Amino acid sequence: MIQILLIVFHFLFQGPSSNQDLASISLTVSNCRSNQGMVRILIFDQESGFPDNRKKAIKSISLPIKNQGSKIAILDLKPGKYSISTFHDEDENGEINKNPFGYPTEKYGFSNNPRVIFSTPSFEKCSFELKANQVKEINIDLR
């Protein structure tokens, strides 16, 4: 159902794509600590800059939180490989807060929900493939 609505929305408001068929992501971020602050999302199409360099991300999105989560439809993406990083910016300072040892004190997450032990997961571990005309559902559970 979401896929059909996204395609109809895209066609009605943005017209058919030129030269190539684009893809979309239906992103759900859950498990925020509270409804305070914002969910910050970075989308990357390359390893360089992943997971936290906003300048190298192809999209940077900030969302309000409702029911300890956020949802968004991200339209008009070229087919290809992507990785997503996100965090709950409780104090809305635009950065993930860390303790003196460098470990995040605000909840964070990545596409594919990889296991995080001592270091940030790689772009490859978090990556997924988008195909032409696809609406991919991605669910990220913050930890």
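Criteria and thresholds
Residues numbered from 1 in each chain as written. Predicted model: local features only at pLDDT ≥ 70, side-chain atom pairs only at ≥ 80, totals over all residues. Heavy atoms only, no water. Salt bridge = Lys/Arg side-chain N within 4 Å of Asp/Glu carboxyl O. Helix = DSSP H or I, 4+ residues; strand = E, 2+ residues; numbered from the N terminus. Buried < 20%, exposed > 50% of the residue type's maximum accessible area, 1.4 Å probe, protein only. Contact = heavy atoms within 4.5 Å. Pairing = 2+ DSSP bridges. Axes fitted to C-alpha atoms, helices over the stretch in contact; angles between N-to-C directions. 1 Å grid on protein atoms, 1.4 Å probe; cavity = no way out; pocket = protein on both sides within 12 Å on 5 of 7 lines; lining within 4 Å. Points joined across faces, edges and corners; volume = space filled by probe spheres on them. Nonpolar A, V, L, I, M, F, W, Y, C, P; charged D, E, K, R; others polar. Core = buried A, V, L, I, M, F, W, Y, C linked by side-chain atoms within 4.5 Å.

1. Comments concerning the pattern of salt bridges
Here is step 1 of the chain: Counting across every chain of the model gives 3 salt bridges.
Here is step 2 of the chain: One salt bridge connects Glu90 with Arg33, and the closest N-O pair in it is separated by 3.1 Å. Taken as a pair, Glu90 in the loop between β5 (80–89) and β6 (108–110) and Arg33 in the loop between β1 (23–30) and β2 (38–44) lie far apart in primary sequence, 57 residues in all.
Here is step 3 of the chain: On the accessibility criterion, Glu90 (27% relative accessible area) is partly exposed.
Here is step 4 of the chain: A relative accessible area of 43% places Arg33 in the partly exposed class.

2. Concerning the environment of Lys136
Here is step 1 of the chain: For Lys136, the location among the structural elements is in strand β8 (residues 135–141).
Here is step 2 of the chain: Between the alpha carbons of Lys136 and Ile25 there is a distance of 4.8 Å; along the sequence they are 111 residues apart.
Here is step 3 of the chain: Once residues lying within four places of it in the same chain are set aside, the contact partners of Lys136 are Ser24, Ile25, Ser26, Phe128, Glu129 and Leu130.

3. Overview of the sheet that holds strand β4 (residues 69–77)
Here is step 1 of the chain: Read from one edge of the open sheet, 3 strands run β4-β1-β8, paired in mixed fashion. Either end of the sheet is taken by a strand with one partner, and the two such strands are β4 and β8. Taking the axes of each pair of neighbouring strands and ignoring which way they run, one obtains an average angle of 15° across the sheet.
Here is step 2 of the chain: Relative to β8, β1 is paired through 7 bridges, and the arrangement is parallel.

4. Description of the layout of surface pockets
Here is step 1 of the chain: For the largest pocket, the calculated volume is near 600 Å³.
Here is step 2 of the chain: Lining the largest pocket we find 27 residues, and of these Pro51, Asp52, Phe87, Ile96 and Lys98 sit closest to its centre.
Here is step 3 of the chain: At the level of secondary structure, the elements contributing two or more residues to the lining of the largest pocket comprise β2, β3 (59–64), β5 and β6.
Here is step 4 of the chain: Broken down by class, the residue content of the lining of the largest pocket amounts to 14 nonpolar, 8 polar and 5 charged.

5. Observations regarding the nonpolar core
Here is step 1 of the chain: Among the nonpolar cores identified, the biggest contains 20 residues, and Ile25, Leu27, Ile41 and Ile84 are the most heavily contacted of them.
Here is step 2 of the chain: At the level of secondary structure, the elements contributing two or more residues to this core comprise β1, β2, β3, β4, β5, β7 (128–130) and β8.
Here is step 3 of the chain: At 4 residues, the largest contribution of residues to this core is made by β1.
Here is step 4 of the chain: Ignoring any residue separated from it by four or fewer positions in sequence, one finds Leu27 in contact with Ile41, Ser70, Lys71, Ile72, Ile74, Ile84, Ile138 and Ile140.
Here is step 5 of the chain: Of all hydrophobic cores here, the second largest spans 10 residues; its members include Phe87, Val116, Phe123 and Cys126.

Take it as geometry only, folks, not as evidence of what the structure does.
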